[in-house]
Amino acid sequence: MKHPRDKRRDSRPQPPRKGGAAPVQARDRVERPQERKPEPQRPAPRQDHQAEPKAEPRKLVRREGALPAERLPLILEVAPNDDYALLDSGDGQKLEQYGPYRIVRPEGQAIWQRALPARDWDRVDAIFTGDTDEEGLGRWRFPKEPLGETWPMRHDGLHYQGRFTSFRHVGVFPEQATHWDHMARLIENAKRPVKVLNLFGYTGLASLVAARAGAEVTHVDASKKAIGWARENQEMAGLATKPIRWICEDAMKFVEREERRGSRYDIILFDPPAYGRGPKGEVWQLFESLPAMTDICRSILTPKPLAVVLTAYSIRASFFAIHALMRDTFAGMGGTIESGELVIREKSAGRALSTSLFSRWVAQ
C-alpha cells in the first residue's frame with residue numbers, strides 16, 4: 001500500500017518540504033485559532049507530565065517464544081447506515097451523509113468515475129474547498145444556507161458533536177467503527193473489570209464506546225482542543241458519570257511513565273500519525289518511534305489482556321510491515337495477530353474505499 005492520505009488528528013505540524021517533494025501526510029488534528037469560536041471555561045484536562053530528565057532511547061531486543069497465530073489479509077468493512085453513509089465517490093472526491101447533512105470532501109484514492117449523476121452531487125449542504133494540500137487553511141462552502149460550526153451527530157446511539165474544521169475533518173472517522181464494535185464485545189464478554197488505554201484519542205468516540213460497554217478508560221491526546229471536544233462529546237453522549245481520565249500528554253512520554261509506574265491495561269488502542277510533535281516539542285516519526293511504542297504497549301498489559309489495536313494512516317508500506325512488527329512484539333503471548341485494511345463500502349456502486357492499514361493482537 002503506497003497511497004497518500006489526508007492529514008490527520010494530531011496537534012503536530014508536518015516537517016517542511018525539501019526540494020519541492022510532498023511529505024507523507026497523516027490526518028492532522030491541528031485546529032488553528034481562526035477555525036473555532038471561544039469556548040466556555042471548563043476544568044483543565046489533567047496534564048500528566050512533570051519535569052523529568054530526558055530518557056535514553058529504548059533498547060529493543062527481539063522477543064523469544066512462539067509467534068502468535070496470524071490471520072490475514074483481513075478486510076474490516078463499514079456499510080452504510082442511518083448515522084453515516086458513503087453515498088458516492090470518484091474524481092478525487094467523496095459524497096457522504098452524516099446524519100442530516102450531505103457533505104463533499106476531497107479523497108485522493110477515489111481515482112475512478114462517479115456513479116451518481118451531477119444533480120446528486122449538487123444537492124449537498126457543505127463542500128470542503130480551498131487548499132486541499134493543507135499547507136494553509138481550507139474552507140467550507142454551504143450551497144443551501146450557512147451552517148453553524150458544530151452540529152449534533154450520532155454513532156450507534158451515542159450522540160456527539162460534529163464540527164466543520166479547516167483541515168477538512170468533522171470529528172469522526174467512520175472506518176474505525178469495526179474496531180469499536182470488536183472492542184465493545186471484548187469488554188462485555190470479559191465479565192470482569194476492564195481497563196482501556198486510548199492513545200492519540202482525538203475526539204473520543206472510541207473512549208465513549210469503551211466506557212459505555214463498561215470499561216474504565218484512559219484517553220490520551222497531545223491536543224488540548226481535541227480533549228476539550230472529547231469532553232463535550234462525553235456530556236452529549238450522557239456518559240458524564242463514566243470513568244474516563246482525559247490526559248493531555250505526549251503519547252510516548254505517557255506510556256513510558258506508565259511502564260515505570262507499573263500501570264497495566266487490558267485493551268490498548270493506538271492510532272498514531274506518520275509525523276508529529278508533542279506539546280513540548282517531542283518528535284514522533286512513525287517508522288522510528290512505532291517499534292518502541294509497540295514494545296511498551298506489550299509491557300503495560302495486564303496478566304490477562306484482551307487486545308492491542310494499531311491503526312496506521314498515510315504510510316508508504318504494506319500492512320505486512322506492521323503485521324510483522326506486531327507478530328514479533330507479541331511473541332510468546334499466544335493469541336492471534338489480525339492484519340489488513342479498513343474500508344468503507346460505497347452506497348451507490350458498492351465500491352470499497354480503503355482508508356487505512358491496521359494490525360491487532362487478540363488474546364483469543
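Here the structure is a predicted model, which is why all the values come from computation and not from measurement. (Residues numbered from 1 in each chain as written. Predicted model: local features only at pLDDT ≥ 70, side-chain atom pairs only at ≥ 80, totals over all residues. Heavy atoms only, no water.)

## Re the overall build of the protein
The line we're drawing: The secondary structure listing takes helices from DSSP runs of H or I that are at least 4 residues long and strands from runs of E that are at least 2 residues long, numbered from the N terminus. Partly exposed describes any residue whose relative accessible area lies between the buried limit of under 20% and the exposed limit of over 50%, with all areas from a 1.4 Å probe on protein chains only and scaled to the type maximum. Should any heavy atoms of two residues lie within 4.5 Å, those residues are considered in contact. The method behind every accessible area is Shrake-Rupley, applied with a 1.4 Å probe, and residues are considered shielded solely by the protein chains displayed.
A tally of regular secondary structure across the protein gives seven helices and 17 strands. For the protein, with 364 residues in total, the buried portion stands at 57%. Taking the intrachain contacts of the protein between residues at least 6 apart in sequence as the baseline, contacts between residues at least 24 apart amount to 68%. With the model as given, the accessible surface of the protein reaches about 16000 Å², and the carbon-plus-sulfur share is 51%.

## Looking at the nonpolar core
The condition is simple: Only buried Ala, Val, Leu, Ile, Met, Phe, Trp, Tyr and Cys residues count toward a nonpolar core, and they belong to the same one when joined by side-chain atoms within 4.5 Å.
Ile103, Ile187 and Val196 are the most contacted members of the largest nonpolar core, which totals 46 residues. The element contributing the most residues to this core is helix 3 (residues 205-213), with seven residues. Core analysis: the second largest hydrophobic core is formed by 34 residues, Ile247, Val308, Ile322 and Met326 among them.

## Here we look at the packing of helix 6 (residues 286-299) against helix 7 (residues 319-329)
Condition: Note on geometry: axes are lines fitted to C-alpha atoms, helical ones only across the stretch in contact, with angles between N-to-C directions running from 0 to 180 degrees. A clockwise turn of the near helix away from the far one marks a right-handed crossing, whereas an anticlockwise turn of less than a right angle marks a left-handed crossing. Basically, the charged four are Asp, Glu, Lys and Arg, the nonpolar ten are Ala, Val, Leu, Ile, Met, Phe, Trp, Tyr, Cys and Pro, and anything else, Gly included, counts as polar.
At their nearest, the axes of helix 6 and helix 7 sit 10 Å apart, and the two run at 35° to each other. Viewed along their axes, helix 6 and helix 7 form a crossing whose handedness is right-handed. In this structure, helix 6 uses Leu290, Pro291, Thr294, Asp295 and Arg298 to contact helix 7, whose residues at the interface are Ile322, Leu325, Met326 and Thr329. Considering only residue class, the contact of helix 6 with helix 7 consists of five nonpolar, two polar and two charged.

## Brief notes about the packing of aromatic side chains
Note the following rule: Any two of the Phe, Tyr and Trp rings considered here, Trp counted by its six-membered ring, make a pair once their centres fall within 6.5 Å; the pair's planes then place it as stacked at under 30 degrees, edge-to-face at over 60, or tilted in between. Only lysine NZ and arginine CZ atoms are considered, and such an atom sits over a ring when it is within 6 Å of the ring centre and within 35 degrees of the ring normal.
Counted by the stated rule, this structure contains 10 aromatic pairs. Consider the rings of Phe173 and Tyr202, whose centres lie 5.5 Å apart with planes at 45°: the pair is tilted. Of the two residues, Phe173 sits in the loop between strand 8 (158-163) and helix 2 (177-190) while Tyr202 sits in the loop between strand 9 (195-199) and helix 3, which places them 29 residues apart along the sequence. Here the two residues Phe173 and Tyr202 agree in accessibility, since each one is buried. The cationic tip of Arg114 hangs over the ring face of Trp121; the distance from NZ or CZ to the ring centre is 3.8 Å. When the ring centre of Tyr265 is taken as origin, the NZ or CZ atom of Lys195, which lies over that ring, is 5.3 Å away.

## A look at the pairing of strand 12 (residues 267-270)
The line we're drawing: Whether two strands pair depends on DSSP finding at least two bridges between them.
Burial of the side chains of strand 12 extends over both faces: Ile267 and Leu269 are buried on one face and Ile268 and Phe270 on the other. Bridging between strand 9 and strand 12 involves four bridges; their strand directions are parallel. Note on strand 12: the bridge partner recorded for Val196 is Ile267. Examined bridge by bridge, strand 12 and strand 15 (residues 307-312) share four bridges and lie parallel to one another. Its bridge partner lying in strand 15, Phe270 is registered against Leu310.

## Describing helix 7
Inclusion rule: Under this definition, polar contacts are N or O atom pairs within 3.5 Å; protein pairs additionally need one hydrogen-donor-capable and one acceptor-capable atom, and for neighbouring residues in sequence, both atoms have to be side-chain atoms.
Within helix 7, burial applies to Phe319, Ile322, His323, Leu325, Met326, Arg327 and Thr329. Of the surrounding elements, those touching the buried residues of helix 7 are strand 1 (69-78), helix 6, strand 15, strand 16 (336-345) and strand 17 (352-362). You can read the cap of helix 7 off the contacts: a side-chain oxygen lies 3.0 Å from the backbone nitrogen of Phe320, and it is on Ser318.

## Some remarks on the pattern of salt bridges
Applied cut-off: For this document, the term salt bridge refers to a Lys or Arg side-chain nitrogen within 4 Å of an Asp or Glu carboxyl oxygen.
Under the definition given, this model contains 23 salt bridges. When the shortest N-O distance is used, the salt bridge between Arg212 and Asp156 registers 3.0 Å. In this pair, Arg212 sits in helix 3 while Asp156 sits in the loop between strand 7 (150-155) and strand 8, placing the two residues 56 residues apart along the sequence. Given the relative accessible area of 34%, Arg212 is considered partly exposed. On the basis of relative accessibility, which here comes to 45%, the residue Asp156 falls in the partly exposed class. The residue Arg163 makes a salt bridge to Glu232 at a minimum N-O spacing of 3.7 Å. Taken together, the positions of Arg163 in strand 8 and Glu232 in helix 4 (residues 224-236) put the pair 69 residues apart, joining distant regions of the chain.

## Things to note about helix 5 (residues 251-261)
An α-helix turns once every 3.6 residues. As a result, residues three or four positions apart point the same way. Those residues of helix 5 that fall on the buried side of the exposure criterion are Ala251, Met252, Phe254, Val255, Arg257 and Glu258. Buried residues along helix 5 sit in contact with strand 9, strand 10 (216-221), strand 11 (244-248), strand 14 (283-285) and helix 6. Between the side-chain oxygen at the start of helix 5 and the backbone nitrogen of Met252 there is a gap of 3.3 Å, and the oxygen is on Asp250. Where helix 5 terminates, the next one or two residues include Gly262, which has phi positive at roughly 85°.

## Details of unusual backbone geometry
In the segment running from Leu72 into Pro73, the intervening peptide bond is cis, with an omega of -10°. The topology assignment puts Pro73 in strand 1. With a phi angle near 55°, Lys191 is a residue other than glycine that sits in the positive phi range. Among the structural elements, Lys191 can be located in the loop between helix 2 and strand 9. With a phi angle near 55°, Tyr202 is a residue other than glycine that sits in the positive phi range.

## Examining the sheet that holds strand 17
If you trace the eight strands from one edge of the open sheet to the other, you get 1-16-17-15-12-9-10-11, paired in mixed fashion. Strand pairing shows two members of the sheet lacking a second neighbour, strand 1 and strand 11, which therefore form its edges. Strand after strand, the sheet turns through a mean of 15° between neighbouring axes, direction not considered. In this structure, strand 1 lies alongside strand 16, joined through eight bridges in parallel fashion. Residue Glu70 lies in a different strand from strand 16, and its bridge partner there is Ile337. Each of strand 10 and strand 11 is contacted by helix 4, which is oriented at about 165° to strand 11, the strand it contacts most.

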